[in-house]
Amino acid sequence: MHGKTALIYSSDFGRYSYGTDHPFKVQRYQLAFELMQAYGLVALPGADVVESRPIEEDTLLTFHSPDYLARLREFSASDVPRADFRYGLGDVENPVFRGLYDWALRGTAGTVEAARLVTENGYAVAFNPAGGWHHAHRAKASGFSYLNDAVIAINWLIARGKRVVYLDIDAHHGDGVQEAYYDTDRVLTISIHESGIYFFPGTGFEHETGTAAGKGYSVNVPLLEHADDALFMKAFDEVAFPLIAVYNPDVLVTQLGADTFRTDPLTRLEITTHSYTYILRKLKALKIPWVAVGGGGYDNVNVARAWTIAWAVMNGVELPSRLPASFVKIIEEMGFPNKMLFDAMHWAEEDDRNRALDAVEKSIAAIRKTVFPLMLERHG
Ligand SMILES: [Zn+2]
């Protein structure tokens, strides 16, 4: 038996677009929902599909600055191309488009709603695929992110006395979320990602462990390019999982970006559905009230597969490996060749993986030396 589950979804994502040349495609949410539907996952007993409810601007002000929000609203209301680089708005990454504020607000409202459902309505898990905008800063858009939904939802949880772990398995470092809690022990942030040595946003090294009261409460496992499933699981098993268990939060918030996948066009990790599924199963087994959000993913079928797998794991459903014929037909017309939900086993080239293994072992050893003793002393 498992508790009730909620999927936060609404069908009108098609109203928004970052532009035809932008790697982020709003259509991926619809595609993910179609795949869930084709597998019969949106009409499960005990699983509800819910629309988010509007949130007050005060909720956003727990993280974002009033001047930044005013600028977002102003730009959002007009069709005229605008830019304000002080706020990270109007460059190729964070374009200005009509309705952009409503777009960002929708993602944030969904994550706050997910937090509400697991704390006030008895849901075991609530999943907002349209969240996960982990690069947004207090007064600056960055990395396709305008409003930091996870930070705003976590602030909502903190205001209700909850202790939170934020785990981020997107290919990019969850810099905006780390920054928000860098000096506090109220939230333990853990991010596993492609190394910032050569990769956006250029942060997330193992020596970034927090300051002041937050010392030991920011954890980063950077992975070199070509890191594969075995290394991804190693980072999770040897760092993330034991720390979550020791900290034992009231609520677990996870960012489930699918841009780690081998076939993602923007990243160089070599993860497949194997480690992705493995991590989700272990998270579910923790039985901690769970808020899940989406995140990156620039191959729309990878995104649809990843989040369908996630939603199935959350509901304890085993899926057949072959994609439903109705879905294959939809993606065929879009030019995708996929026929299977799960990827074939994949190992990186030996030299590449040895280099990545060596690096991750060093990172893990450093974290076990700096963060683990602190965590065990305070929470063990
Ligand atoms: Zn990403």
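Residues numbered from 1 in each chain as written. Predicted model: local features only at pLDDT ≥ 70, side-chain atom pairs only at ≥ 80, totals over all residues.

Focus: the environment of Ala213
Summarising the element assignment, Ala213 is placed in the loop between strand S5 (187–194) and strand S6 (218–223). For Ala213, a count of 11 C-beta atoms within 10 Å gives the class exposed. Distance from Ala213 to Tyr181, taken between C-alpha atoms, is 10.0 Å for residues 32 residues apart in sequence. If we skip the residues at most four places from it in the chain, Ala213 touches Asp183, Thr184 and Asp185. (Helix = DSSP H or I, 4+ residues; strand = E, 2+ residues; numbered from the N terminus. Buried ≥ 20, exposed ≤ 12 C-beta atoms within 10 Å, placed from the backbone. Contact = placed C-beta atoms within 7 Å.)

Some points on helix H1 (residues 27–38)
Look at H1: 17 Å from first C-alpha to last across twelve residues, which is about the 16 Å you get at 1.5 Å a residue. For H1, every residue scored as buried is listed here: Arg28, Tyr29, Leu31, Ala32, Phe33, Leu35 and Met36. Contact partners of the buried residues in H1: helix H9 (300–314) and helix H10 (325–333). Gly40 occupies a position one or two residues after H1 and carries a positive phi of about 75 degrees. (Expected span 1.5 Å × (residues − 1).)

A word on the pairing of strand S7 (residues 251–255)
Across the five residues of S7, five count as buried, placing the element largely inside the fold. Along S7, one buried face is formed by Val251, Val253 and Gln255 and the opposite face, lined by Leu252 and Thr254, is buried too. In the sheet, strand S4 (residues 164–168) pairs with S7 via five bridges, with the strands oriented parallel. Directly across from Val164, in S7, lies its bridge partner Val251. In this structure, S7 lies alongside strand S8 (residues 290–293), joined through four bridges in parallel fashion. Counterpart to Val253 in the pairing with S8 is Val291. The handedness of the S7 to S8 crossover, carried by helix H8 (residues 273–285), is right-handed. (Pairing = 2+ DSSP bridges. Right-handed = clockwise from strand over helix to strand, strands pointing away.)

So, the pairing of S8
What you see with S8 is no split at all: Trp290 and Ala292 on one side and Val291 and Val293 on the other are buried throughout. Looking at chain direction, strand S3 (residues 123–128) and S8 are connected through four bridges and run parallel. By the bridge assignment, Phe127 is partnered in S8 with Ala292.

Some remarks on unusual backbone geometry
In this structure, Pro201 follows Phe200 across a cis peptide bond, with omega equal to 0 degrees. Along the polypeptide, Pro201 turns up in the loop between S5 and S6. The phi torsion at Phe144 lies on the positive side, around 70 degrees, for a residue other than glycine. Secondary-structure assignment places Phe144 in the loop between S3 and helix H5 (149–159). In this structure Phe144 comes out as partly exposed when scored by C-beta crowding, with 19 C-beta atoms within 10 Å. With a phi angle near 55 degrees, Lys287 is a residue other than glycine that sits in the positive phi range. Following the sequence through the fold, Lys287 ends up in the loop between H8 and S8.

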